[in-house]
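Residues per chain, in single letters:
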Amino acid sequence: MANEENELDDELNIEHIKTRIRRNKQERHVRKTNMWMRRLRMLLRFLFILALMFLCYKLIRMHQWYMSPKAFDSADSPYLEITNNKIVPKYYIIAALRKSEVPKVPIYMYRTDEIEENLKSLPPVENVYIRRFWFPARLQIIIQEDTPLITIAPDEKVEPIAFFTKTGKLIGRDYLPLDKSFKTIKVLTYGTKGDDYRHWDIAKIELIEKLAKTVKLGTKVPLEYIDLRTPNDVYIQLKDIRIRLGELDDTAPDRAKRLPSIMPQVQTLDKKIKYIDLRWKDTNYIKLDE
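Residues numbered from 1 in each chain as written. Predicted model: local features only at pLDDT ≥ 70, side-chain atom pairs only at ≥ 80, totals over all residues. Heavy atoms only, no water.

Draft legend 1. Seen up close, the pattern of salt bridges. On inspection of all chains with the given rule, the structure shows 10 salt bridges. Between Asp155 and Arg229 there is a salt bridge, with the nearest N and O atoms lying 3.2 Å from each other. Of this pair, Asp155 sits in the loop between β4 (148-153) and β5 (162-165) while Arg229 sits in the loop between β8 (223-227) and β9 (234-238), and the two are 74 residues apart along the sequence. What makes Asp155 partly exposed here is its relative accessible area of 23%. Each of Asp155, Glu156, Asp227 and Arg229 takes part in a single network of salt bridges with overlapping partners. (Salt bridge = Lys/Arg side-chain N within 4 Å of Asp/Glu carboxyl O. Helix = DSSP H or I, 4+ residues; strand = E, 2+ residues; numbered from the N terminus. Buried < 20%, exposed > 50% of the residue type's maximum accessible area, 1.4 Å probe, protein only.)

Draft legend 2. Main features of unusual backbone geometry. Following Leu176, the chain continues to Pro177 via a peptide bond in cis, the omega torsion being 0°. Within the fold, Pro177 resides in the loop between β6 (170-171) and β7 (185-188). Non-glycine residue Asn84 carries a positive phi angle of around 70°. A residue is classified by how much of its surface remains accessible, and Asn84, at 49% relative accessible area, is partly exposed. A positive phi angle, close to 60°, is found at Lys220, a residue other than glycine.

Draft legend 3. Quick peek at the sheet that holds strand β10 (residues 242-246). As summarised here, the arrangement of the 9 strands in space is β6-β5-β4-β7-β8-β9-β10-β11-β12, forming an open sheet in which the pairing is mixed. Taken across any chain shown, the strands that pair with only one partner, and hence form the sheet edges, are β6 and β12 (285-288). Taken together, the 4 bridges between β9 and β10 define a ladder with antiparallel strand orientation. Bridge pairing in β10 links Gln237 to Arg242. Together, β10, β11 (273-277) and β12 form the strand contacts of helix α6 (residues 259-268), whose direction differs from that of β11 by roughly 160°. (Pairing = 2+ DSSP bridges. Contact = heavy atoms within 4.5 Å. Axes fitted to C-alpha atoms, helices over the stretch in contact; angles between N-to-C directions.)

Draft legend 4. A look at the side chain of Asp146. Tracing the backbone shows Asp146 in the loop between β3 (138-145) and β4. Here Asp146 occupies a buried position and makes no salt bridge, while the nearest side chain of opposite charge, Lys169, is found at 4.8 Å. Leave out the neighbours within four places in its chain, and Asp146 touches Ile87, Pro124, Glu126, Thr165, Lys166 and Thr167. (Lys, Arg positive; Asp, Glu negative; His and termini not counted.)

Draft legend 5. Layout of a nonpolar patch on the surface. A contiguous nonpolar surface patch, about 1,200 Å² in accessible area, is contributed by Met37, Leu40, Leu43, Leu44, Phe46, Leu47, Phe48, Ile49, Leu50, Leu52, Met53 and Leu55. Counting through the fold element by element, Ile49 comes out in helix α1 (residues 2-60). By relative accessible area, Ile49 is classed as partly exposed at 42%. (Patch = residues over 30% accessible without salt bridge, like charges linked within 9 Å, V, L, I, M, F, W, Y side chains within 5 Å. Areas by Shrake-Rupley, 256 points an atom, 1.4 Å probe, with all protein chains shown as cover.)

Draft legend 6. View of the sheet that holds β3. With mixed pairing, 3 strands are arranged side by side in an open sheet as β1-β3-β2. Single-partner strands in this sheet number two, and they are β1 (80-83) and β2 (125-133). Averaged over neighbouring strand pairs, the angle between their axes works out to 15° when direction is ignored. Taken together, the 8 bridges between β2 and β3 define a ladder with antiparallel strand orientation. Pairing of Arg132 across the sheet is with Leu139, part of β3. Here helix α2 (residues 90-97) sits on the sheet and contacts β1 and β3; the angle it forms with β1, its principal contact strand, is near 130°. Where helix α3 (residues 113-120) meets the sheet, it contacts β2 and β3, and its direction lies at approximately 150° from that of β2.

Draft legend 7. Main features of the packing of helix α4 (residues 202-219) against α6. The N-to-C vectors of α4 and α6 enclose an angle of 45°; their axes lie 8 Å apart at closest approach. Taken together, α4 and α6 sit at an angle that is classed as oblique. α4 and α6 meet at a crossing whose hand is right-handed. Contact residues: α4 offers Val215, Gly218 and Thr219, while α6 offers Leu259, Pro260 and Met263. Class assignment of the residues belonging to the contact of α4 with α6 gives a composition of 4 nonpolar, 2 polar and no charged. (Parallel < 35°, antiparallel > 145°, perpendicular 65-115°, else oblique. Left-handed = near helix turned anticlockwise from the far one by under 90°. Nonpolar A, V, L, I, M, F, W, Y, C, P; charged D, E, K, R; others polar.)

On their own, these measurements won't tell you what the molecule is for.
Below, the structure is given as structure tokens:
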């Protein structure tokens, strides 16, 4: 009996050892599999990073990021869009652009400061906004121009030879004629006889603007021009009415404010009127055409 029990114990021990061996083999196999899976994931991650870096390199090197060397040759270039310029001709803008080199770097790295300064040097240009676009690389140039206020002409039948902007800047005939959408005050002057328009300051510009607004408001009639060819005897020509204002000084707008009280009498007269006389401080006079 003792021998049989010992043999049974030996068989159980052997079976237990075999079970442990199988379990250990399975655990080693699982660990080995996990290790290879980790290595495979690391390899795939590394390959993915390499592929991503290669793709980024190829994207950066694509020619669509670069503008053509001929981008500034013409306003019709597909690499260039010029908008909002009503006063400055496009050939002036192209000439200003040509002072700068076409960018030889990707468009996203290109600094537009030099282009902006060159465009701002054009007299009518007040500000410039430049937008950069990708695929294909191109520039959109948005021009902000100073608003024309007063046009200068030597005679009512002559086209303007210069104009003033609202900021008091005098701009010559290179940027004329103006677009018809601009409603300006036409002023006749020779630029001589002690009143050279080239020396007008912003105060003189604002005085003329104030006078024109007062006359339009008081008469409800379109203003054709202000005649400053004789500085001490200024005339204002409306559609069918002529106003003799006298000297153009700080009191001129106040004298023009009397027009609403005169206009009803003017409109009821059957005779032709030569002009309305506002030269005197407290006296209104209607001069008839004899």
